Amino acid sequence: MINRIKGRIEDVNPAYVIVETAGGVGYCINISLATFSEIKDLKEVRLLTYFIVKEDAQVLYGFATEEERELFKLLITVNGIGPNTARLILSSMSVGEVLNAIATEDVKAIQSVKGIGAKTAQRVVIELKDKAKKASWGNATKIDIAYNNNKFEALSALVALGFPKSGAEAVLDKIIKAEGIQLSVEELIKKALKLL
């Protein structure tokens, strides 16, 4: 599976981005409006991806944040929600708004997305309520893309080293709040290791 793609943006619009990698391959990646707003002014980008293989197509979806990708993966587990509908939900509502609607059982908020009927909105709430509560990114907000990437990479490294995700994430948030978002991945890891 393709986990992420980094490269030069050749073309970008609210539906997709074409990213040329160092090897000269141009990937067409479907994106949400949230991701589009994060990357539209960039020349180079690093997108987290999710690869879907269907009978008649192979489609790559890209996300500016890990929170958006995780919510996308949750949404497509719901009966009646395919990848394009999940992308439409993420284009119409922020990650925080979707998670809040699920947690508060606000079916009307989810139903306000074009193409989502009452039954599908109810299924989203019923099937994802417990999963959304358990998610450590439940209070996700729109933040700087570099911060997200550096924090995500540092968090992945700390988890790989055996630290619990929730504790490591809390420490990283504390460091970033105290010292700002300009820290590199390496600096974040070094500082976190002193506090864990």
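It should be emphasised that the depicted structure is a prediction, and the values quoted were computed from it without experimental measurement.

How each quantity is defined
Here the residue numbering is sequential within each chain, running from 1 through the sequence in written order. Confidence filtering applies because this is a predicted model: local features only for residues at pLDDT of at least 70, side-chain atom pairs given and counted only at 80 or more, and all residues used for totals across whole chains, interfaces and linings. To obtain the side-chain values, all non-hydrogen atoms of the structure were included, while hydrogens and water were left out. Every helix listed is a DSSP run of H or I at least four residues long, and every strand listed is a run of E at least two residues long, numbered separately from the N terminus. When a residue's accessible area, from a 1.4 Å probe over protein chains only, is under 20% of the maximum for its type it is buried; when over 50% it is exposed; and in between it is partly exposed. Reported accessibility uses the Shrake-Rupley method at a 1.4 Å probe radius. Residues are deemed covered only where the shown protein chains occlude them. The term polar contact refers here to a pair of N or O atoms within 3.5 Å; inside protein, the definition further demands a hydrogen-donor-capable atom paired with an acceptor-capable atom, and it admits residues adjacent in sequence only when both atoms are side-chain atoms. Residues count as neighbours in contact if any of their non-hydrogen atoms are within 4.5 Å of one another. Known as pLDDT, the predictor's per-residue confidence is scaled from 0 to 100. Any carboxyl oxygen of Asp or Glu that lies within 4 Å of a side-chain nitrogen of Lys or Arg is treated as forming a salt bridge with it. Every angle, taken between N-to-C directions, lies between 0 and 180 degrees, and every axis is a line fitted to C-alpha atoms, over only the stretch in contact when it is a helix. By definition in this entry, angles of less than 35 degrees are roughly parallel, angles greater than 145 are roughly antiparallel, angles of 65 to 115 are roughly perpendicular, and the rest are oblique. By convention, the crossing between two helices is left-handed when the near helix turns anticlockwise from the far helix through less than a right angle, and right-handed when the turn is clockwise. Classification convention: Asp, Glu, Lys, Arg as charged; Ala, Val, Leu, Ile, Met, Phe, Trp, Tyr, Cys, Pro as nonpolar; all other residues, Gly among them, as polar. When two rings of Phe, Tyr or Trp (its six-membered ring) have centres within 6.5 Å they constitute a pair, described as stacked for plane angles under 30 degrees, edge-to-face for angles over 60, and tilted for the intermediate range.

1. Points about the overall build of the protein chain
Okay, so step 1: Along the backbone of the protein chain there are nine helices and five strands.
Okay, so step 2: Its helices and strands taken in sequence order, the protein chain reads β-β-β-α-β-β-α-α-α-α-α-α-α-α from the N to the C terminus.
Okay, so step 3: The proportion of buried residues among the 196 residues of the protein chain is 42%.
Okay, so step 4: Of the accessible surface of the protein chain, which amounts to about 10600 Å², a share of 52% is contributed by carbon and sulfur atoms.

2. Structural notes on the side chain of Lys-129
Okay, so step 1: As for its position among the elements, Lys-129 is in helix H6 (residues 118-134).
Okay, so step 2: A distance of 2.3 Å separates a polar atom in the side chain of Lys-129 from a polar atom in the side chain of Glu-105.
Okay, so step 3: What Lys-129 contacts, discounting residues up to four positions off in sequence, is Ile-102, Ala-103, Glu-105 and Val-124.

3. Topic: the confidence of the model for the protein chain
Okay, so step 1: Per-residue pLDDT for the protein chain has a mean of 86; in total, 90% of the residues score no lower than 70.
Okay, so step 2: The least confident element of the protein chain is helix H7 (residues 145-160), whose mean pLDDT is 72; the most confident is strand S2 (residues 16-20), at 96.
Okay, so step 3: Considering only residues more than four positions removed or in separate chains, one finds that residues 138-147, a stretch of pLDDT under 50, has 15 contacts.

4. Points about the pattern of salt bridges
Where charged atoms from two side chains of opposite charge come close, those side chains can pair.
Okay, so step 1: The final tally for this structure, using the stated rule, is six salt bridges.
Okay, so step 2: Among the salt bridges present, the one from Lys-129 reaches Glu-105, with a minimum N-O distance of 2.3 Å. With Lys-129 in helix H6 and Glu-105 in the loop between helix H4 (95-103) and helix H5 (107-111), the pair connects residues that are 24 residues apart, well separated along the chain.
Okay, so step 3: Assessed through its relative accessible area of 17%, Lys-129 is described here as buried.
Okay, so step 4: Residues joined in a network through salt bridges with shared partners are Arg-8, Glu-10 and Glu-20.

5. What to know about the packing of helix H2 (residues 66-75) against H4
Okay, so step 1: Following both chains from N to C, one finds H2 and H4 inclined at 40 degrees, their axes separated by 10 Å at the closest point. One way to sum up the angle between H2 and H4 is to call them oblique. In terms of crossing hand, the pair formed by H2 and H4 is left-handed. Facing H2, whose interface residues are Glu-67, Glu-68 and Leu-71, H4 presents Val-95, Val-98 and Leu-99.
Okay, so step 2: Residues that form the contact of H2 with H4 fall into these classes: four nonpolar, no polar and two charged.

6. Considerations on the packing of aromatic side chains
Okay, so step 1: This structure, assessed with the given rule, holds three aromatic pairs.
Okay, so step 2: Here the aromatic rings of Tyr-61 and Phe-72 are separated by 5.2 Å at their centres, their planes lie at 35 degrees, and the arrangement is tilted. Residue Tyr-61 is located in strand S5 (residues 58-63), and its partner Phe-72 is located in helix H2; the two are separated by eleven residues in the primary sequence. Both residues of the pair, Tyr-61 and Phe-72, count as buried.
Okay, so step 3: The interplanar angle of 50 degrees and the centroid separation of 5.0 Å between the aromatic rings of Phe-63 and Phe-72 together place this pair among those described as tilted.

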